[in-house]
Amino acid sequence: MWDQLLINARLATMVGAAPYGAIDQGCLAIAEGKIAWCGERGDLPGAPDSLAREVTDLDGRWITPGLVDCHTHLVYGGDRAGEFEQRLEGASYAEISRAGGGIRATVTATRDASEEELFKQSRPRMAALVAEGATTIEIKSGYGLALDQELKQLRVARWLGEFGEIGVRTTFLGAHSLPPDWEGSSDDYIAAIIAMLPHVKESGLADAVDAFCETIAFSPEQTEKVFAAARALGLPVKLHADQLSDLGGAALAARYQALSADHLEFTSREGVEAMAAAGTVAVLLPGAFYTLRETQQPPLADLRDTGTAIALASDCNPGSSPLTSLLLTMNMACTLFRMTPEEALRGVTINGAKALGLQDQIGSLEVGKRADLAIWEIERPAALCYRIGFNPLAFSMKDGRTL
């Protein structure tokens, strides 16, 4: 018998030809933490009580895959509310960074914090995402910028996942910014990052390697060195690409079969075509676009035209996107980028999973995938993008366990 059978539900499977892959009179069975059956109630192979140990009537609620936040910087010390004021007074993100603020300010606060302090500060941010249906979250390092400090962040990220009993994927982002103690020696720092990589690999604390390829961070040539070293160690790569200028970051990511290229406001058509050919996911981050009051939108028409998978993420971080809501992320994507609600939901389910290399395990309602589910008090899936500041989550499940 199945462990559990959810009946009288409406399913947004995110597969098939129907919008949202919707099944109106649906049922979903769970066995050993995975989806064991999914389909129309009329196709059940027997009476519900004869098929499962526990039968739950959802009274017409919608089930979607558990939401996936595929790009966060959730573990950090301190905050940067002061910089929010500076930007409102006219300072740009780049100007604040050059003056010693931005990422560097968070580096100082993160280095000064113990693992216990980082856990205590980061836990409410993770809880906010989980409370809105997130069941898998990616967490980057990048605020330590020294091997022991980066590993400290990654340990806290794994600790958060264990505590919250959700999926956490970790990413080593040592090439996030030039540390203050390496001023004027960016090439030497890149060499130090490359020397860190074998230790990161050996630690088992990182699922991927990321870098920030931008005028205020690292050049394409420097980024390529990091990527070559990471791939030689068997570590997948991701890239902060083309956020403030077009340095060819998207095409660079594609050359190394990156899981994703993220931001992409200034990506060219050629960069998009390279991503499409490589299967690299485009991760759009409307929270940063909104917070920085940017005007250059990501090339949505080109991404659609080439069939590039589009994911969305909160980009939760203390400076450019202090956002802990995937529901608001979806609303922003629809309102600011003119994505459709279905594209937005795909962005935080199946395409978010693909951006983490987990599309065979999570992100859609299919037999054999993990029973990571979000159950909603809504009339149609578009409601998840429509309302602002409202959470219609009834409950969520991770591996068949109610969170």
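Residues numbered from 1 in each chain as written. Predicted model: local features only at pLDDT ≥ 70, side-chain atom pairs only at ≥ 80, totals over all residues. Heavy atoms only, no water.

Looking up the protein chain in an unreviewed UniProt entry gives the name Imidazolonepropionase, with the organism given as Limibacillus halophilus. According to its UniProt record, the protein chain has this under Subcellular location (unreviewed entry): "Cytoplasm". In its Sequence similarities (unreviewed entry) section, the UniProt record describing the protein chain reads: "Belongs to the metallo-dependent hydrolases superfamily. HutI family." (UniProt positions renumbered as here; feature names shortened; annotations may be inferred.)

Draft legend 1. Seen up close, the overall build of the protein chain. Summing up its helical and strand segments, the protein chain has 16 helices and 16 strands in all. Here the protein chain has a C-alpha radius of gyration of 21 Å; the compact-globule value for 403 residues is 22 Å, and the two agree. With respect to the principal axes defined by its C-alpha atoms, the protein chain has extents near 70 × 45 × 40 Å. In the protein chain, which comprises 403 residues, the proportion classed as buried is 57%. Here the contacts in the protein chain between residues at least 6 apart in sequence split such that 71% fall between residues at least 24 apart. Split by element, the accessible area of the protein chain, about 15,300 Å² in all, is 49% carbon and sulfur. Of the side chains in the protein chain, 35 bear a positive and 53 a negative charge, and the two mean positions are spaced by 2 Å. (Helix = DSSP H or I, 4+ residues; strand = E, 2+ residues; numbered from the N terminus. Rg over C-alpha atoms; globule rule 2.2 N^0.38 Å. Buried < 20%, exposed > 50% of the residue type's maximum accessible area, 1.4 Å probe, protein only. Contact = heavy atoms within 4.5 Å. Areas by Shrake-Rupley, 256 points an atom, 1.4 Å probe, with all protein chains shown as cover. Lys, Arg positive; Asp, Glu negative; His and termini not counted. Charge placed at Lys NZ, Arg CZ, Asp CG, Glu CD.)

Draft legend 2. Examining the packing of helix α7 (residues 186-203) against helix α8 (residues 220-232) more closely. Direction vectors running N to C along α7 and α8 enclose 10°, while the axes themselves pass 9 Å from each other. Considering their axes alone, α7 and α8 lie roughly parallel with respect to each other. Counted together, Ser 186, Asp 187, Ile 190, Ile 193, Ile 194 and Leu 197 of α7 and Gln 222, Lys 225, Val 226, Ala 229 and Ala 230 of α8 form the full contact between these two elements. Considered class by class, the residues forming the contact of α7 with α8 number seven nonpolar, two polar and two charged. (Axes fitted to C-alpha atoms, helices over the stretch in contact; angles between N-to-C directions. Parallel < 35°, antiparallel > 145°, perpendicular 65-115°, else oblique. Nonpolar A, V, L, I, M, F, W, Y, C, P; charged D, E, K, R; others polar.)

Draft legend 3. Focus on the sheet that holds strand β8 (residues 167-175). Read across the open sheet, the eight strands follow the order β6-β7-β8-β9-β10-β11-β12-β13; overall the sheet is parallel. For this open sheet the edge positions go to β6 (67-69) and β13 (310-312), each flanked by a neighbour on one side alone. Pairs of neighbouring strands in the sheet enclose a mean axial angle of 25°, with direction left out of account. Note that strand β12 (residues 281-284) and β13 share three bridges and pair parallel. The partner of Leu 284 across the bridge, within β13, is Leu 312. Contacting β9 (208-213) and β10 (238-241), α8 runs over the sheet at an angle of about 175° to β9. (Pairing = 2+ DSSP bridges.)

Draft legend 4. The domain arrangement of the protein chain, seen in detail. Per the domain assignment, the segments making up the protein chain are domain 1 (2-64 + 365-402) and domain 2 (67-355). Taken residue by residue, the interface counts 26 residues in domain 1 and 22 residues in domain 2. Among the residues domain 1 hides against domain 2, the three largest losses belong to Met 14, Tyr 20 and Cys 385. Together they make up 34% of the total. Our count for the contact surface shared by domain 1 and domain 2 stands at one salt bridge. Taking the shortest distance from any N to any O, the salt bridge between Arg 401 and Glu 165 comes out at 3.6 Å. Elements supplying a minimum of two residues to the side of domain 1 that touches domain 2: β14 (373-376), α16 (383-386) and β15 (393-398). Element by element, the count of residues in the side of domain 1 that touches domain 2 is highest for β15, at four residues. Of the residues assigned to the side of domain 1 that touches domain 2, the class counts are 17 nonpolar, four polar and five charged. (Domains from an automatic or database assignment. Buried area = accessible area lost by both parts, 1.4 Å probe. Salt bridge = Lys/Arg side-chain N within 4 Å of Asp/Glu carboxyl O.)

Draft legend 5. Spatial organisation of helix α13 (residues 326-337). For α13, built from twelve residues, the straight-helix expectation of 16 Å at 1.5 Å per residue is met to within 8% by its first-to-last C-alpha distance of 15 Å. Of all the twelve residues making up α13, nine are buried; the element is thus mostly covered by neighbouring parts of the structure. Restricting attention to buried positions, one finds in α13 the residues Leu 326, Leu 327, Thr 329, Met 330, Asn 331, Met 332, Ala 333, Cys 334 and Phe 337. Of the residues that open α13, the one with a side-chain oxygen 3.5 Å from the backbone nitrogen of Leu 327 is Ser 325. Arg 338 sits one or two positions beyond α13 and adopts a positive phi of about 65°. (Expected span 1.5 Å × (residues − 1). Polar contact = N/O pair within 3.5 Å; in protein donor to acceptor, adjacent residues only side chain to side chain.)

Draft legend 6. Spotlight on the UniProt feature "binding site: N-formimidoyl-L-glutamate" (unreviewed entry) in the protein chain. The positions UniProt marks with the feature "binding site: N-formimidoyl-L-glutamate" (unreviewed entry) are Tyr 143, Asn 317 and Gly 319. Taking the farthest pair of C-alpha atoms as the criterion, the annotated set spanning 177 residues converges on one region, since that pair is 12.0 Å apart. Along the chain, the position of Tyr 143 falls in the loop between β7 (134-140) and α6 (147-164). Look at Tyr 143 and you get buried, because its relative accessible area is 2%. As for its placement among the helices and strands, Gly 319 is situated in the loop between β13 and α13.

Draft legend 7. Structural detail: the UniProt feature "domain: Amidohydrolase-related" (unreviewed entry) in the protein chain. Look at the UniProt record and you will see "domain: Amidohydrolase-related" (unreviewed entry) annotated at residues 62-378. Between the C-alpha atoms that bound residues 62-378 the distance is 7 Å, and the span itself is 45% helix and 15% strand.

Draft legend 8. Representation of the packing of aromatic side chains in the model. For the structure on display, the rule yields eight aromatic pairs. Plain terms: the ring middles of Tyr 76 and Tyr 143 are 6.3 Å apart, the flat faces sit at 80° to each other, and that makes the pair edge-to-face. Here the residue Tyr 76 occupies a position in the loop between β6 and α2 (81-88), and Tyr 143 occupies one in the loop between β7 and α6, the gap between them amounting to 67 residues. The residues Tyr 76 and Tyr 143 share a single accessibility class, namely buried. With centroids separated by 4.1 Å and ring planes inclined at 15°, the aromatic side chains of Phe 119 and Trp 159 adopt a geometry described as stacked. In this pair, Phe 119 is assigned in helix α5 (residues 115-130) and Trp 159 in helix α6, connecting sequence segments 40 residues apart. (Phe/Tyr/Trp six-rings, centres within 6.5 Å; stacked < 30°, edge-to-face > 60°.)

Draft legend 9. Main features of helix α4 (residues 103-112). All of the buried residues in α4 are Ile 103, Arg 104, Thr 106, Val 107 and Thr 110. Mapping the buried residues of α4 onto a view down its axis gives an arc of 155°, with all of them on the same face. Looking at the buried side of α4, the elements it contacts are α3 (93-98), α5, α6 and β9. (Arc of directions from axis to C-beta.)

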